[in-house]
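Listed here are the chains, written in short residue letters.
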Amino acid sequence: MHKRTMRYGGGLFLAAVLALAGCSGNDGAAGAQGPAGPAGSDGTDGTNGTNGTNGKDLTAAAKPESCSTCHSGVGAEHQAIYNRYVDPTKLTATIDEVTSTANAGADAGTYNVVVKFTLKKNGVVLTDADYAALGQKRFSGTKFVAKTATTPANFDTATSMSFGTPTFDATAGQFTVAAAKAKFDPTATDSFLYFYFADAPIIPSSGHYFLPENTVSVAKVFGTIEYVSAANVSACEACHGKEYAKHGYRQAKVAGLPDMVACKACHTDQRVGSDHEWQVLADNPLQFATTGVTASDRATKYAYVATVMNDTHMSHAMEFAYPQSMANCVTCHKDKLGDILTDANFNITTCKSCHPVTGVGGTEATRAPALKTILSEAIHGNMDLYGNASGCNVCHKAGGIAPTFSKIHTGYNAAIYDNAGAKFSASFKTKVDSASFDSATNKLTVNFSVEGAAANAIVKPTLVVSLYGYDTKDFIVSGHSSQFTDKTPNLEWSEGAVIRGTTTPAATNRLVVAPATATAGNTQWTVTADLTTWKAMLADGTVKRAEIAFLPTVGRDQTKVVSATNPAIAVPGIAQTYDLVAKALVADTASYGKDIVAVSKCNACHDALGTTFHGPNYGSAGVVGCRLCHVAGVGGGHLEMQSRSIDSYVHAIHRMQVFDVGTVDFSDPVAAMRYTHHTESTYPNFTILSCESCHNPGKYDVPDQSKSLPGVLSASAAFKGDRAIGTVGSVVVGPASRACGSCHRAGMINEDDAGKLASFNAHAASFGTQVDATPGAFDAAVAKIMALFK
């Protein structure tokens, strides 16, 4: 592909704008008036002024965005599309009659099963033409085999039945469908029929995902189905939305069936698995990227049964960008860990459902480790790790010579839960006891304390103070950043911290914490922030409020310091707003921008923010705590063409933009494969249009420019491969381009759509700000734009 160089905002695009809008010189002076004659003719016009040069006074082009003129309510429009998917269905279905007749002759031993059903939309019976227009439809019958003393309960695919195309009786308003040679009589067997129907999708279908506006599932049970799933549908709904439907239309909760039984219509206990790519992706990534899965591997090494457990574990542990530890079994199996972590379940089949076997070529760090790397070769060397025979529980059992399954896997992430299964965060609390500001010395003093820590706990906090700019939700001064030649952070402190890449202490007298050395049992701290450096901002009203965060670090054994053998746990910190003018603490409900998202929604998928990225303390103060470092005025360090601001970061991450793309060597087939695999992943609500999966209602429209600052986007990365997108410089943009644009921009980057990216950036520049992020450009652009709102 030919690589093109593109520049937006400053540079070629802005120069063209300035040329079109170049200022004319003043008219020449009027000619002298003749004596007693008519007035003299006008003098000639002066020449046009010269165009501004590229890069000179670019902040003169900074202006507010006009996005809301055309796009007001666009966030609500996004959510409204998703709501059409999750709103109550307008389809209804009933199974009206089931008859079964034994076949004779050559077909003896089979049955002709005839089902009459009714299908309606908005209460109106669907016709043949309506049925043909449905986007999804399925009919199935599945036999249940009850548990015995020696065998588990199972669903038998060998005797499941398939139905033909239905016919419609207009007079009766019913459809009839038949399985002419069914292998069992459902009316005389423990079994169930399961039908589902879905109409047109709300967005174009993609890959495995089809999101219908209306879907309906219907079932009929014969006999008794004594089956209780070890998983919870509510857990699926936490990440995937309610009502949960696999692929968007196959519902796990169906009236008349126990939860998850509808899934067993396909994921029976005999069905041969077909998604071997999941295992190869984790076990042998080079093979996956080059030759793929061989027929031999399908039949032997990676053979598996497509049960609900296998397909769910494998897809989440090996394919999806799963946002927490797979060892945190409680996420899906709450109140049922006793059912799954039994000696009987400790076998190769269970292990292989999460763990790759050999990890040839390296298993990704975020995946479950390969069995070969965690099993002692001396003890396990002769075990057939590719086989499916029950082997582990020969030794790993109660009274055996090796630890039991529940001892090795407690089912809880050790960074989030204690041994009894209680969250550490439930009993731990961080408080702001008092705060004061001395405007004469510009010193802000805050007293913090913690409650619920273990006796003699060693708590080491990180303190960050950032300053809000122009009474917006964004920080003009980041405590985490540095504006000093010695590289010390503006207003950030933690015990023993050093300047990145050095051994030089990072502590300064701008932020003093007492006690500075953690001692066992201490639960109170006094923090003094000297804001003298920014006294001009305080004086002119640029800064009126500060956000102070206390981010506690404590080990699993709280009486010992955090170490490799005593990892940090997730306990709550706090981010507190302080009004420097009123000299008072500000309640979260009265502090603009603190209710944009709900951390509980983040933790519906992550369980505890920070435990799978950064560290537990970094997620302890919620999203506002994240914003203390993820500020708008800095370009994204790991994400090209994005801002470091939390809105830009989170949108790009959830749109599956890849971190540090400049380090990806696309000549390496594994690296190239993993890049493509990541960018083609899908947000767990099956679409990014589900704004309220993170945001509170009404908090996701085009940003209010009087309450949100412009931002800096990073430049494009030096791409180690061929792509259409060329060089894009770092620019200052408006808040909508930064926040809303992040999601759109990430999609265009993932698709390498240079044309759309150029058009999008040009559009954002035309209706807002987009200037080169030269030194001082951000501050000048902010000052110019925010002056309009004072």
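Residues numbered from 1 in each chain as written. Predicted model: local features only at pLDDT ≥ 70, side-chain atom pairs only at ≥ 80, totals over all residues. Heavy atoms only, no water.

**Notes on the state of the cysteines**
Now for step 1: Tallied over the full model, the rule gives one disulfide.
Now for step 2: A sulfur-sulfur separation of 2.4 Å characterises the disulfide bridge that pairs C239 with C605. With C239 in helix α5 (residues 233-240) and C605 in helix α18 (residues 599-606), this pair connects stretches of sequence that are 366 residues apart. Across the pair, C605 and C239 agree in class, each one buried.
Now for step 3: Of all cysteine sulfurs in the structure, the one in C740 sits closest to C67, which takes part in no disulfide; the separation is 7.4 Å.
Now for step 4: Of all cysteine sulfurs in the structure, the one in C332 sits closest to C236, which takes part in no disulfide; the separation is 6.1 Å. (Disulfide = S-S within 2.5 Å. Helix = DSSP H or I, 4+ residues; strand = E, 2+ residues; numbered from the N terminus. Buried < 20%, exposed > 50% of the residue type's maximum accessible area, 1.4 Å probe, protein only.)

**A few points about the sheet that holds strand β23 (residues 731-733)**
Now for step 1: Strand order in the open sheet made by the three strands is β22-β23-β24, with antiparallel pairing throughout. A single partner strand is all that each edge strand has here, and the edge strands are β22 (711-713) and β24 (770-772). Across the sheet, the mean angle from the axis of one strand to that of its neighbour is 35 degrees, orientation sign disregarded.
Now for step 2: Relative to β24, β23 runs antiparallel, the two being bridged by three bridges. Within β24, the position partnered with V731 by the bridge is D772. (Pairing = 2+ DSSP bridges. Axes fitted to C-alpha atoms, helices over the stretch in contact; angles between N-to-C directions.)

**Considering α5**
Now for step 1: Buried residues dominate α5, accounting for six of its eight residues.
Now for step 2: Taken residue by residue, α5 has V233, A235, C236, E237, C239 and H240 as its buried positions.

**Describing the sheet that holds strand β12 (residues 429-438)**
Now for step 1: Strands sit in the order β12-β13-β18-β17 across an open sheet of four strands; the sheet is antiparallel. Lying at the two open borders of the sheet, with one neighbouring strand each, are β12 and β17 (511-514). Here the strands of the sheet are splayed against their neighbours by 15 degrees on average, with no regard to which way each runs.
Now for step 2: Sheet topology note: the β12/strand β13 (residues 443-451) ladder contains nine bridges and is antiparallel. If you follow K431 over to β13, its bridge partner there is S449.

**Examining the packing of aromatic side chains**
Now for step 1: Under the criterion given, the structure shown has 27 aromatic pairs.
Now for step 2: Ring plane angle 75 degrees and centroid distance 5.0 Å describe the contact between F666 and Y675, whose orientation is recorded as edge-to-face.
Now for step 3: A relative accessible area of 11% means that Y675 is categorised as buried.
Now for step 4: Ring centres of F666 and F719 lie 4.5 Å apart, and the angle between their planes is 25 degrees; on these two criteria the pair is classed as stacked. With a gap of 53 residues between them, F666 in the loop between α20 (646-654) and α21 (669-679) and F719 in the loop between β22 and β23 connect regions that are remote in the sequence.
Now for step 5: The exposure class of F719 is buried, given its relative accessible area of 14%.
Now for step 6: Ring pairing ties together the aromatic residues F117, Y131, F139, F163, F168, F175, F195 and F197, which thus form one cluster.
Now for step 7: We note K707 situated over the ring of Y592; from NZ or CZ to the ring centre the distance is 5.8 Å. (Phe/Tyr/Trp six-rings, centres within 6.5 Å; stacked < 30°, edge-to-face > 60°. Lys NZ or Arg CZ within 6 Å of the ring centre and 35° of its normal.)

**Quick word on α20**
Now for step 1: For α20, every residue scored as buried is listed here: I646, D647, S648, Y649 and A652.
Now for step 2: Against α19 (622-627) and α22 (735-750) lie the buried residues of α20.
Now for step 3: Where α20 terminates, the next one or two residues include M656, which has phi positive at roughly 70 degrees. (Contact = heavy atoms within 4.5 Å.)

**Structural notes on the packing of α22 against helix α23 (residues 754-766)**
Now for step 1: Running from N to C, α22 and α23 point in directions that differ by 170 degrees, and their axes come no closer than 10 Å. With respect to their mutual orientation, α22 and α23 come out roughly antiparallel. Of the two possible hands of crossing, α22 and α23 adopt the one that is right-handed. Where α22 abuts α23, its residues S737, G741, H744, R745 and M748 lie against K756, L757, F760, N761 and A764.
Now for step 2: Of the residues assigned to the contact of α22 with α23, the class counts are four nonpolar, four polar and two charged. (Parallel < 35°, antiparallel > 145°, perpendicular 65-115°, else oblique. Left-handed = near helix turned anticlockwise from the far one by under 90°. Nonpolar A, V, L, I, M, F, W, Y, C, P; charged D, E, K, R; others polar.)

**Describing the side chain of S481**
Now for step 1: Of note, S481 is situated in the loop between β15 (475-477) and β16 (492-494).
Now for step 2: Using a relative accessible area of 19% as the deciding quantity, one classes S481 as buried.
Now for step 3: Once you skip the residues sitting within four places of it in the chain, S481 turns out to touch P489, N490, V634 and R644.

**Some points on the pattern of salt bridges**
Now for step 1: Summed over the entire model, instances satisfying the criterion amount to 23 salt bridges.
Now for step 2: Its salt-bridge partner being K423, residue D607 comes within 2.8 Å of it at the nearest N-O pair. Of this pair, D607 sits in the loop between α18 and α19 while K423 sits in the loop between α16 (405-408) and β12; the two residues are 184 residues apart in sequence, bridging distant segments of the chain.
Now for step 3: Owing to a relative accessible area of 9%, D607 belongs among the buried residues under this scheme.
Now for step 4: Taking the shortest distance from any N to any O, the salt bridge between E495 and K460 comes out at 3.7 Å. On the criterion of sequence distance, the pair formed by E495 in the loop between β16 and β17 and K460 in strand β14 (residues 460-468) is long-range, its members being 35 residues apart.
Now for step 5: With relative accessibility at 31%, the residue K460 sits in the partly exposed group.
Now for step 6: Each of K473, D474, D647 and R738 takes part in salt bridges that share partners, so that together they form one network. (Salt bridge = Lys/Arg side-chain N within 4 Å of Asp/Glu carboxyl O.)

**Some points on the nonpolar core**
In summary, soluble globular proteins display a tendency toward joint burial of nonpolar side chains.
Now for step 1: Among the nonpolar cores identified, the biggest contains 47 residues, and L444, F448, L531 and L580 are the most heavily contacted of them.
Now for step 2: At six residues, the largest contribution of residues to this core is made by helix α24 (residues 777-786).
Now for step 3: Excluding its chain neighbours within four sequence positions, the residues that come into contact with L444 are S436, F437, V527, T528, A529, A546, I548, Y578 and L580.
Now for step 4: Counting residues in hydrophobic clusters, the runner-up holds 25 residues, among them M161, F163, L193 and F197. (Core = buried A, V, L, I, M, F, W, Y, C linked by side-chain atoms within 4.5 Å.)

**Focus on the environment of C602**
Now for step 1: Its place among the elements puts C602 in helix α18.
Now for step 2: In this structure, the C-alpha to C-alpha distance between C602 and C239, residues 363 residues apart in sequence, is 9.3 Å.
Now for step 3: If we skip the residues at most four places from it in the chain, C602 touches L609 and V623.

**Quick word on the confidence of the model for the protein chain**
Now for step 1: In the predicted model, the protein chain carries a mean pLDDT of 90, and 92% of its residues have values of at least 70.
Now for step 2: In the model, residues 1-34 has pLDDT below 50 throughout and makes 72 contacts with residues more than four positions away in sequence or in other chains.
Now for step 3: Across residues 47-56, confidence stays below pLDDT 50; counting only partners more than four residues off in sequence or on other chains, it has 14 contacts. (pLDDT = per-residue confidence, 0-100.)

**Side note on the environment of K431**
Now for step 1: Along the chain, K431 falls in strand β12.
Now for step 2: The exposure class assigned to K431 is partly exposed, which follows from its relative accessible area of 25%.
Now for step 3: Taking the C-alpha atoms as reference points, K431 and Q576, separated by 145 residues in sequence, lie 9.3 Å from one another.
Now for step 4: What K431 contacts, discounting residues up to four positions off in sequence, is N447, F448, S449, E451 and I574.
Now for step 5: Within the local environment of K431, its side chain forms a polar contact with the side chain of E451, the two groups lying 2.9 Å apart. (Polar contact = N/O pair within 3.5 Å; in protein donor to acceptor, adjacent residues only side chain to side chain.)

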